[in-house]
Amino acid sequence: MKRVLVTSRSFGTINDRVFRILDEAGIDYTLMGVDFDYASFAVAVTAYDALIIGAHPFEPEDLERCDKLRIICKHGAGVDNIPLEKAKEMGITVTNAPATNAEAVADLTFAHILNSSRGLSLSNARIHAGQYQTYIGSDVWGKTLGLVGFGAIARAVARRAAGFSMKVLVFDPYVNHVPEEMDNYVNLLDFDSLLAESDIVSIHAPLTEETRYLFNSKTILRMRKDALLVNMARGGIVQEEDLYACMKSGHLSGAALDVTEDEPVRDDNPLLQLENVVITAHMGMYTAEALNAIGITCAENVVRKLRGEAVLYEVG
């Protein structure tokens, strides 16, 4: 019997359809997401034919010992925690689920934009602390939104921006045209121009050697002093100490982060000292609809691969 190891905590939490897909294909599964321990994982994974992986790292030297492994399915979109070169070298297929969570992440992106612009969570926290104070925010309507990266999530954000009569600027070196439906309000721009012209900058790029610490003291200071920075992608794209220093000096009106470089966020992260920084727990894809779709994509890709069929969303 073929076997799949699952290390994503949210796999199958919405309903049992993902398990029925595996059961009907005669594939045995082991769930290791709750109370995950990397040392136990590194030993166990060598016995499996397939892996549905969460957000934890997978070291190349541990992957190298996985002689049986034929496919790694990322339970999500970002694959920066998977040693892609080693997997390619070993002939192991890697897939993700890039389109299934786009609407959920786009919704949360706009929730962060509205929340930070109007001070919703800050006002709520003050009221809970017994301080009934009005918060003077800023309009989102008619502002300029800069998107760094223009994949499925960013395009979904752009569609939402149209409803707020926003002008949308895009920097993505791998995109040379925008969808026809967006021609009248989306424009491709170079990175520096986007930073200088945007009221809100929202990051939707993968974490790569090109994007690591793309937002540092030098680039953050190119943004407008009253701009808002939103990061829904990966924590390593923003140099957090530099962001703190810039914001402490009064640069940027706020920052909204669904991701941090260390997750869970460290207690000593200086950004936690700033009331105009909102941090959520990497929950962009955490809606019932998105989690269900992602889980089904992963389960079906495991079945396809182990049957010798073509998979969806192969990476690399």
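A few points on the structure. (Residues numbered from 1 in each chain as written. Predicted model: local features only at pLDDT ≥ 70, side-chain atom pairs only at ≥ 80, totals over all residues. Heavy atoms only, no water.)

1. Focus: the packing of helix H1 (residues 17-24) against helix H11 (residues 288-307)
Two quantities define a packed helix pair, namely the angle between the helix axes and the distance between the axes. Here H1 crosses H11 at 10°, and the two axes come no closer than 9 Å. Compared by their axis directions, H1 and H11 come out roughly parallel. Residues Arg-17, Val-18, Ile-21 and Leu-22 of H1 lie in contact with H11, whose contacting residues are Gly-295, Ile-296, Ala-299, Glu-300, Val-302 and Val-303. Along the lines of polarity and charge, the residues of the contact of H1 with H11 split into seven nonpolar, one polar and two charged. (Axes fitted to C-alpha atoms, helices over the stretch in contact; angles between N-to-C directions. Helix = DSSP H or I, 4+ residues; strand = E, 2+ residues; numbered from the N terminus. Parallel < 35°, antiparallel > 145°, perpendicular 65-115°, else oblique. Contact = heavy atoms within 4.5 Å. Nonpolar A, V, L, I, M, F, W, Y, C, P; charged D, E, K, R; others polar.)

2. So, the nonpolar core
Proteins that are soluble and globular tend to have nonpolar side chains buried together. With 29 residues, the main nonpolar core has Leu-145, Leu-147, Phe-150, Ala-158, Val-168 and Val-186 as its most contacted residues. When near neighbours in sequence (up to four residues on either side) are disregarded, Phe-150 contacts Arg-155, Ala-158, Val-170, Asp-172, Val-175, Val-178, Pro-179, Met-182 and Val-186. One finds Cys-246, Met-247, Leu-252 and Leu-274 within the second-largest nonpolar core, a separate group that totals 27 residues. (Core = buried A, V, L, I, M, F, W, Y, C linked by side-chain atoms within 4.5 Å. Buried < 20%, exposed > 50% of the residue type's maximum accessible area, 1.4 Å probe, protein only.)

3. Focus on the environment of Ile-237
Tracing the sequence through the fold places Ile-237 in the loop between strand E10 (228-231) and helix H10 (240-248). Taking the C-alpha atoms as reference points, Ile-237 and Arg-212, separated by 25 residues in sequence, lie 4.6 Å from one another. Contact partners of Ile-237, with chain neighbours within four places excluded, come to Ile-203, Ala-205, Pro-206, Leu-207, Thr-211, Tyr-213, Leu-214 and Phe-215.

4. Describing the packing of helix H5 (residues 102-118) against helix H7 (residues 152-162)
It is at 8 Å that the axes of H5 and H7 come closest, and there the two elements cross at 50°. Looking at the two axes, H5 sits oblique to H7. The handedness of the crossing between H5 and H7 comes out as right-handed. Only Ala-152, Ile-153, Ala-156, Val-157, Arg-160 and Ala-161 of H7 make contact with H5, whose side of the interface consists of Ala-102, Glu-103, Val-105, Ala-106, Asp-107, Thr-109 and Phe-110. Here the residues of the contact of H5 with H7 sort into nine nonpolar, one polar and three charged. (Left-handed = near helix turned anticlockwise from the far one by under 90°.)

5. What to know about the side chain of Asn-231
On the secondary structure map, Asn-231 appears in strand E10. By relative accessible area, which is 1% here, Asn-231 ends up buried. Polar side-chain contacts of Asn-231 include one of 3.0 Å to the backbone nitrogen of Ala-233. Engagement of the side chain of Asn-231 in a polar contact is seen with the backbone oxygen of Arg-234, the distance being 3.0 Å. (Polar contact = N/O pair within 3.5 Å; in protein donor to acceptor, adjacent residues only side chain to side chain.)

6. Describing the sheet that holds strand E12 (residues 277-279)
The strand order E8-E7-E6-E9-E10-E11-E12 describes an open sheet built from seven strands, whose pairing is parallel. Every other strand in the sheet has two partners, leaving strand E8 (186-188) and E12 as the edge strands with one partner each. On average, adjacent strands in this sheet sit at an angle of 15° to one another, irrespective of strand direction. By the bridge criterion, three bridges tie strand E7 (residues 167-171) to E8 in an arrangement that is parallel. Residue pairing across strands places Leu-169 opposite Asn-187, the latter belonging to E8. Its contacts with the sheet put H10 on E10, strand E11 (254-257) and E12, and the angle it makes with E11 is roughly 150°. (Pairing = 2+ DSSP bridges.)

By themselves, these are just geometric observations and shouldn't be taken as functional.
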